[in-house]
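Commentary on secondary and tertiary structure
If you want the building blocks of each chain, they are given just below.
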Amino acid sequence: MAFGTGKIWMNGSFVEWADARIHIGSHVIHYGTGVFEGARCYRTQNGSACFRLDDHVVRLINSAKIYRMDSPLDREGWVRAIESTIRENNLKACYIRPIMYRGYSALGVNPLPCPVDIAVMVWEWGAYLGPEAQDKGVDVRISSWNRMAPNTFPAMAKSTANYANAALIKMEAVLDGYSEGIALDVNGFVSEGSGQNLFIVRNGVISTPPVSASILPGITRDSVMTIARGLGFDVREELMPREMLYLADEAFFVGTAVEITPIRSVDKIVIGAGQRGPVTAALHRAFFEIVSGEVPDTHNWLKWLDLDESTRNQPAGTAGANVR
Ligand SMILES: Cc1ncc(COP(=O)(O)O)c(C=O)c1O
């Protein structure tokens with residue numbers, strides 16, 4: 001089901017996509033008072049499975065906590081709402097967008113009088129940076145925009161407000177002919193892309209900026225660090241001056257939308273061999289073996305959806321090509 005069709009879960013009920021409206025006076029529209037998530041449900045030969053859904057829901061509730069929003073649903077409630085939205089739309093694989101936002105009541109800056117409204121959208125969403133990006137890599141630039149300084153906008157919250165900064169980074173990159181922009185933090189260290197974390201590989205060591213570099217602590221980032229350590233790599237969270245990108249043997253983005261996407265150039269400086277490198281390829285392979293159910297889910301990252309009786313109770317890892 002493509003973006004624009006199907007049903008959306010709003011405050012406990014399903015509504016037709018076209019009817020999922022909010023009032024123009026809703027607080028979130030004027031002041032960016034929303035928090036949200038982006039997760040994926042993968043289709044495998046063993047059925048459909050959401051990747052680290054509990055972790056996404058925990059981050060959603062934590063984002064709300066930072067913004068003093070009482071989540072109307074607890075963790076299990078969110079998981080049930082999300083699973084039922086996927087079922088209602090009869091989707092086997094999809095992108096999942098739960099959102100919690102300050103709704104309509106009064107229009108002062110203070111959001112506290114406004115209700116906390118919630119919704120879940122799902123739709124089929126393929127390769128975020130284009131069909132060839134994960135194989136061939138993308139060309140990116142360092143953004144002229146920095147990420148938020150500490151104690152301005154909380155980077156650890158996945159809040160709608162942060163994406164005003166992300167939109168500036170993305171627009172600048174796209175209008176200059178790049179796929180993405182990489183923002184530096186306020187101290188000039190590498191932070192992240194407009195909607196994805198990043199890693200570099202240098203002399204066999206895998207590095208990624210730390211949480212203190214104004215990044216969203218990504219769930220894919222955490223997964224990639226776990227997978228890489230499992231493969232025996234030395235993985236470090238460390239501050240990175242910009243030039244470390246230029247001198248990397250490999251660089252790649254990670255995130256729910258981009259999954260694992262090689263970066264082939266930064267500011268027109270070719271990274272390594274200018275194509276997906278061997279470490280990126282190994283991590284990409286290992287990641288997709290897990291999300292496609294081809295290997296046993298030893299990290300317990302897959303939440304299987306009972307979409308139909310024929311797939312019920314089948315364990316992960318008994319069959320299956322990646323049929324994304
Ligand atoms: C700004 C930003 N950084 C990083 C990420 C990657 O996070 P995750 O892997 O949890 O999707 C995202 C995507 O949600 C993002 O929007």
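Residues numbered from 1 in each chain as written. Predicted model: local features only at pLDDT ≥ 70, side-chain atom pairs only at ≥ 80, totals over all residues. Heavy atoms only, no water.

Let us now look at the pairing of strand S14 (residues 250-255). Of all six residues making up S14, six are buried, and the element is well covered by its neighbours. Two elements, strand S11 (residues 197-202) and S14, share five bridges in a ladder whose sense is antiparallel. Across the sheet, the residue bridging to Leu198 is Phe253, located in S14. Counted along the chain from S14 to the antiparallel partner strand S15 (residues 259-266), the turn is three residues long. (Buried < 20%, exposed > 50% of the residue type's maximum accessible area, 1.4 Å probe, protein only. Helix = DSSP H or I, 4+ residues; strand = E, 2+ residues; numbered from the N terminus. Pairing = 2+ DSSP bridges.)

Attention now goes to the nonpolar core. Counting 24 residues, the largest nonpolar core has Ile86, Ile96, Met100 and Val120 as its most contacted members. At the level of secondary structure, the elements contributing two or more residues to this core comprise strand S4 (39-44), helix H2 (53-66), helix H3 (75-88), strand S6 (94-102) and strand S7 (116-123). Of the residues forming this core, the biggest block, five residues, is contributed by H3. Discounting chain neighbours no more than four positions away, the residues touching Ile96 are Glu37, Gly38, Ala39, Arg40, Cys41, Cys50, Ile82, Ile86, Val120, Met121 and Val122. Met225, Val279, Phe288 and Val291 belong to the second largest nonpolar core, which has 23 residues in total. (Core = buried A, V, L, I, M, F, W, Y, C linked by side-chain atoms within 4.5 Å. Contact = heavy atoms within 4.5 Å.)

This model, assessed by the stated rule, comprises twelve aromatic pairs. Taken together, a centroid distance of 5.0 Å and an interplanar angle of 75° make the contact between Phe3 and Trp17 edge-to-face. Within this pair, whereas Phe3 is found in the segment before strand S1 (7-10), its partner Trp17 is found in the loop between strand S2 (13-16) and helix H1 (27-31), the two being separated by 14 residues in sequence. A relative accessible area of 53% means that Phe3 is categorised as exposed. Residue classification places Trp17 among the buried positions, given a relative accessible area of 14%. Judged by centre distance (5.5 Å) and plane angle (80°), the ring pair of Trp125 and Tyr128 falls under edge-to-face. For Tyr128, a relative accessible area of 29% puts it in the partly exposed group. (Phe/Tyr/Trp six-rings, centres within 6.5 Å; stacked < 30°, edge-to-face > 60°.)

In the vicinity of the ligand, 15 residues are found, and the nearest of them are Lys158, Tyr163, Glu192, Thr220 and Thr256. The contact in question runs from an oxygen atom of the ligand to an N or O atom on the side chain of Lys158, over 2.7 Å. Ile219 is positioned with one of its backbone polar atoms (N or O) 2.8 Å from an oxygen atom of the ligand. About the coverage of the ligand: the protein hides 96% of its 380 Å² of free accessible area. Every element with two or more residues in the shell around the ligand is listed here: H2 and helix H6 (219-230). Partitioning the shell around the ligand into residue classes produces three nonpolar, nine polar and three charged. (Near = heavy atom within 4 Å. Polar contact = N/O pair within 3.5 Å; in protein donor to acceptor, adjacent residues only side chain to side chain. Areas by Shrake-Rupley, 256 points an atom, 1.4 Å probe, with all protein chains shown as cover. Nonpolar A, V, L, I, M, F, W, Y, C, P; charged D, E, K, R; others polar.)

With that settled, consider the packing of H2 against H3. In the contact formed by H2 and H3, the axes pass within 10 Å of each other and the chain directions differ by 120°. It follows that H2 is oblique to H3 by the angle criterion. Every pair of crossing elements has a handedness; the one defined by H2 and H3 is right-handed. On the side of H2, the interface is formed by Leu53, Asp54, Val57, Val58, Leu60 and Ile61, while H3 contributes Arg75, Trp78, Val79 and Ile82. (Axes fitted to C-alpha atoms, helices over the stretch in contact; angles between N-to-C directions. Parallel < 35°, antiparallel > 145°, perpendicular 65-115°, else oblique. Left-handed = near helix turned anticlockwise from the far one by under 90°.)

Checked against the element boundaries, Leu302 lands in strand S17 (residues 302-305). C-alpha separation for the pair Leu302 and Val291, spaced eleven residues apart in sequence, amounts to 7.3 Å. Ignoring sequence-local partners within four residues, the contact set of Leu302 consists of Ala49, Cys50, Phe51, Ile290, Val291 and Asp297.

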